[in-house]
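# Fold and geometry: a report
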Amino acid sequence: MQQVSGRKLKAGFPTAVEWSFCITTVARNQGEMAHTCRGTINLFTAHFDTEDSCGIVLTSGGRTYHLKAGSEVERQQWIATLELAKAKAVRLMGSQSDDSGDDEDGTASPADKSELHDTIKKLSLKLDDLSTCNELVAKHGVALQRSLSELDGLRIPCESGEKLKAVNERATLFRITSNAMINACRDFLELAETHSRKWQRALQYEQEQRVHLEETIEQLAKQHNSLERAFRSAPGRAANPTKSFSEGSLLTTKGEDSEEDEDTEYFDAMEDSTSFITVITEPKEERKAESGTTGSVEWTSDNVLDSTSLVPQGPPKVKRRVRIPDKPSYSLNLWSIMKNCIGRELSKIPMPRLTEDLEYHHLLDKAVHCTSSVEQMCLVAAFSVSSYSTTVHRIAKPFNPMLGETFELDRLDDMGLRSLCEQVSHHPPSAAHYVFSKHGWSLWQEITISSKFRGKYLSIMPLGAIHLEFQASGNHYVWRKSTSTVHNIIVGKLWIDQTGDVEIVNHKTKDRCQLKFLPYSYFSKEVARKVTGVVSDSQGKAHYVLSGSWDEQMECAKIVQSNPSSPSLDGKQKTVYQTLPAKLMWKKYPLPDNAENMYYFSELALTLNEHEEGVAPTDSRLRPDQRLMEKGHWDEANTEKQRLEEKQRVNRRRRLEACSRGCGAEEAEKEAEVYVPLWFEKRLDPVTGETACVYKGGYWEAKEKQDWHMCPNIF
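Values in this document were obtained by computation on a predicted structure and should not be read as measured data. (Residues numbered from 1 in each chain as written. Predicted model: local features only at pLDDT ≥ 70, side-chain atom pairs only at ≥ 80, totals over all residues. Heavy atoms only, no water.)

A few words now on the overall build of the protein chain. Of regular secondary structure, the protein chain possesses 13 helices and 25 strands. Residues classed as buried in the protein chain amount to 41% of the 715 residues present. In the protein chain, the proportion of contacts linking residues at least 24 apart, taken out of those at least 6 apart, comes to 60%. Summed over all atoms, the accessible surface of the protein chain reaches about 39,100 Å², with 54% contributed by carbon and sulfur. (Helix = DSSP H or I, 4+ residues; strand = E, 2+ residues; numbered from the N terminus. Buried < 20%, exposed > 50% of the residue type's maximum accessible area, 1.4 Å probe, protein only. Contact = heavy atoms within 4.5 Å. Areas by Shrake-Rupley, 256 points an atom, 1.4 Å probe, with all protein chains shown as cover.)

Mapped onto the elements of the fold, E422 is located in strand β10 (residues 417-426). Despite its burial, E422 pairs with no opposite charge, the nearest such side chain being K696 at 7.6 Å. A polar atom in the side chain of E422 sits 2.8 Å from the backbone nitrogen of L678. (Lys, Arg positive; Asp, Glu negative; His and termini not counted. Salt bridge = Lys/Arg side-chain N within 4 Å of Asp/Glu carboxyl O. Polar contact = N/O pair within 3.5 Å; in protein donor to acceptor, adjacent residues only side chain to side chain.)

Scanning the model with the defined rule gives twelve aromatic pairs in all. Among the aromatic residues, ring-to-ring pairing joins W679, Y699, W700 and W708 into one connected group. The ring of Y388 is capped by K481, whose NZ or CZ atom sits 5.2 Å from the centre of that ring. Across from the ring centre of W550, 5.8 Å away, lies the NZ or CZ of R529, which sits over that ring. (Phe/Tyr/Trp six-rings, centres within 6.5 Å; stacked < 30°, edge-to-face > 60°. Lys NZ or Arg CZ within 6 Å of the ring centre and 35° of its normal.)

In this section: the nonpolar core. By size, the foremost hydrophobic cluster in this structure holds 56 residues, and its most contacted members are L468, W479, I504, L515 and L546. A per-element tally of this core places helix α8 (residues 373-386) first, with nine residues. In this structure, L468 is in contact with L364, V380, W441, S442, L443, N475, H476, Y477 and W479, ignoring residues within four places of it in sequence. (Core = buried A, V, L, I, M, F, W, Y, C linked by side-chain atoms within 4.5 Å.)

If you check the backbone angles, R529 has positive phi at about 60° while not being a glycine. On the secondary structure map, R529 appears in the loop between β18 (512-517) and β19 (530-536). On the basis of relative accessible area, R529 is assigned to the partly exposed category, the value being 28%. With phi around 55°, Y600 is a residue other than glycine that occupies positive phi space. Judged by its relative accessible area of 29%, Y600 is partly exposed.

Okay, α8 next. When the terminal C-alpha atoms of α8 are compared, their 20 Å separation across 14 residues agrees well with the 20 Å that a helix rising 1.5 Å per residue should span. Of all 14 residues in α8, 13 are buried; the element is thus mostly enclosed. (Expected span 1.5 Å × (residues − 1).)

Sheet strands associate in pairs through backbone hydrogen bonding, adopting either a parallel or an antiparallel arrangement. If you trace the three strands from one edge of the open sheet to the other, you get β3-β4-β5, paired in antiparallel fashion. Because the sheet does not close on itself, it has two edges, and the strands there are β3 (46-50) and β5 (63-68). For this sheet, the mean inter-axis angle between neighbouring strands, taken without regard to orientation, is 20°. Relative to β5, strand β4 (residues 55-60) runs antiparallel, the two being bridged by six bridges. Its bridge partner being in β5, T59 is matched across the sheet by T64. (Pairing = 2+ DSSP bridges. Axes fitted to C-alpha atoms, helices over the stretch in contact; angles between N-to-C directions.)

Turning to the pattern of salt bridges, a few remarks are in order. Summed over all chains, the structure comprises 22 salt bridges. Close ionic contact of R480 with E690 constitutes a salt bridge, the shortest N to O distance being 2.8 Å. Here R480, found in the loop between β15 (476-479) and β16 (483-487), pairs with E690, found in the loop between β24 (680-684) and β25 (691-695); they are 210 residues apart in sequence, far enough to count as distant. A relative accessible area of 30% means that E690 is categorised as partly exposed. We note a salt bridge from K516 to D501, for which the minimum N-O separation is 3.1 Å. Of this pair, K516 sits in strand β18 while D501 sits in strand β17 (residues 495-506), and the two are 15 residues apart along the sequence. Since its relative accessible area comes to 15%, K516 is described here as buried. Here the salt bridges do not stand alone but share partners, grouping R320, E612, D619 and R621 into one network.

Throughout this description, disulfide means a covalent bond between two cysteine sulfur atoms. Summed over all chains, the structure comprises zero disulfides. Free cysteine C513: the closest other cysteine sulfur is in C378, separated by 7.1 Å. (Disulfide = S-S within 2.5 Å.)

Counting buried residues along β10, eight of its ten residues qualify, which places the element largely inside the surrounding structure. Judged from the six bridges that link them, strand β9 (residues 406-411) and β10 form a sheet pairing that is antiparallel. Residue pairing in the sheet places E408 in a bridge with L420 of β10. A loop of five residues connects β9 with β10, the two strands running antiparallel in sequence, and G416 in this loop sits at a positive phi of about 75°. Pairing analysis gives nine bridges linking β10 to strand β11 (residues 429-437), with the strands arranged antiparallel. From the neighbouring strand, L417 faces β11, where its bridge partner is S437. Between β10 and β11, which pair antiparallel in sequence order, lie two residues.

Once that is clear, we can look at the pairing of strand β20 (residues 542-549). The buried count for β20 comes to six of eight residues, which makes it a mostly enclosed element. Where β19 and β20 come together, seven bridges link them in antiparallel fashion. Opposite S536, over in β20, you have A542 as the bridge partner. In this structure, the hairpin formed by β19 and β20 is closed by a connection of five residues, where G540 is found at a positive phi of approximately 90°. In this antiparallel pair of consecutive strands, β20 and strand β21 (residues 553-564), the connection spans three residues.

It is worth stressing that arrangement in space is one thing and function is another; only the former is reported here.
Put into structure tokens, the structure is as follows:
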């Protein structure tokens, strides 16, 4: 009898009875069933369930056992052990029914190395026999054909007897060789069939073990999160501050400061992930329902939120490339990933990837023409969400930008904008970005990336505010990016998720938009990568409901009435919004053909590293390591990357030596870290109260004159 465990499971009943029992999987044969001890439970027919945080209900036949573990963790350990044991029992019973006549022990575990080696050796010998027989069959077949040809050419009857005898001998040899080959094939087939079922069971066993391992890891993660929640809610610890949305519909777990400490944890989205309910109403019915209220519920006449003009019209004036060389197939090493993650800042944003946020710039071009500030807010929110659509397949570590590296995007002709990025700091890594559009808006930001490797996943937290200003109306919008999380760092396929709350504020009108990026969960009923939001005015009145996914599309629906719902059993109350039918604001462009072999680049991303004349000598397009990588020469690119990084370290040491001549060692260390950007300067932001790098001008004038004497030699 195969016992799973001899541990003593305490049953914490009111009678305080403690007892031990023996759990068995299944007997090797039916005769052994008579020799089992009293109280033995046959796991083949047993059923397990939970009744509270520590209780276990075990049913076998007509008997039911109510057990209680010492803790929730111990209960889960027992449940996992019992489920694994039951799976083994079912597997053993199935193997007995399949191989009742075999002389094997019926276990489904994989064959040991010696047995597998002997089997492979036998199969190899049989293959050699088949090869030899094939050569003999071919040889004798040719001889037989030659003899038959000679027989056809006979004219003298006296010679026919000898020739016919030779043909007979050839035919006999051919028949003997063919029979030998047939027998060898039969032996090979029988041997393969004998072991195929065993190997199939071994493969199934490995698959089931992997599934159980994944389920166990999932349970451990849930228990870990539960313990952390319990620790945070323990007496003496302050709860995380929350800020309520004006309608009571959305909550954010962060204050004005978006920087997160190392203890921040993210949990699976369970039930009630959305905190409001949307009811779609036909426009005619709504006009009747709202006849007694003030204000119009009609869509604005300019129809600026209509989806018919989502895609910019007209072909580009400059023909640009539509593909790049296919990426090489390189396998990733787990320990090299961990070595580069633990204790280090991992995700440093390169210039071209930051510029990809402008892929759907036409949303801002449309927002210029909005006469309503809340409608303009909807388009700004859609633009902020669209910047994440390029990240869904981006799980690789990007290039580390060099200090002083720049990237320009001069597309006034086809996109109507000019963009400039500069790496303004190396410790911590920080990039400044400025965009000017001839359609009447400008955008600027300074983004610093903080990342932490947390064992199961990698958290990437962008720090810094994004500013957007419309010149005609003076509307000034400010928001911050959500947290990106790369999952399955250790086991499984890497995938990325966007989580957290994003608040967009119009500092002129005080309109607000609360966006919630819902984390993906195996147990949630919500669609993957879902985003919800509500746009409200300065008085807190909700005007639009936003919904969609950050990798596909965003819709908005005008609110005509809002009412609080009845409290649920747990005391939570949601806001019910009655809305007009939703309108599509943004939809992701389809990826180019063969995108999976081109790093999943969009059409815009394919053009960003394309060589252009007249750019600054510090432009990312001129980086030799990046150029080599694009061509598929990864080894050479890595060598060149190390050269560039060493050159950057030498430049820092020179700054340190220059500073040490006039001050102490500690002050020199600080001075060496201070880099004066070429095209940006530090200013106090009057809106956020933070110091940030803003564009000070001069780049496009220098490009027009092709005067780059002030640029450092970084490549």
